[in-house]
Amino acid sequence: MDEVNLFVISLNAFVAVLILLSVLALAMRLLTALFPPPPTSSGAAATVAVVSAVSTLFPGARVTRIEAIEGGPKR
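Here we summarise the structure given alongside this text.

What counts and how
Residues numbered from 1 in each chain as written. Predicted model: local features only at pLDDT ≥ 70, side-chain atom pairs only at ≥ 80, totals over all residues. Heavy atoms only, no water. Helix = DSSP H or I, 4+ residues; strand = E, 2+ residues; numbered from the N terminus. Buried < 20%, exposed > 50% of the residue type's maximum accessible area, 1.4 Å probe, protein only. Salt bridge = Lys/Arg side-chain N within 4 Å of Asp/Glu carboxyl O.

Now for the overall build of the protein. Looking only at helices and strands, one finds two helices and zero strands in the protein. Burial analysis of the protein (75 residues in total) assigns 0% to the buried set.

Right under this line is the structure:
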């Protein structure tokens, strides 16, 4: 009889965790809908980061133009 009670307790805990995580996911979706992230811009910091990465990977190389790829990464 004790094993059945342990199973029921475990099942209740599992369901409670799933419900809690669902409520948190719904709250996150609501918050991100109400407060969308600010648009990112490719400013001076991004340019310096790209130039630094290129010079680290390819010593002596020079960055002449940085272009954004429209549409972002393909999934």
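Here the narrative resumes, following the displayed structure.
Turning to the pattern of salt bridges, a few remarks are in order. Applying the stated criterion across every chain, the model contains one salt bridge. Two residues, Glu67 and Arg65, come together in a salt bridge whose shortest N-O distance is 3.0 Å. Residues Glu67 and Arg65 agree in their burial class; the two are exposed.

Nothing here speaks to function; it is all geometry.
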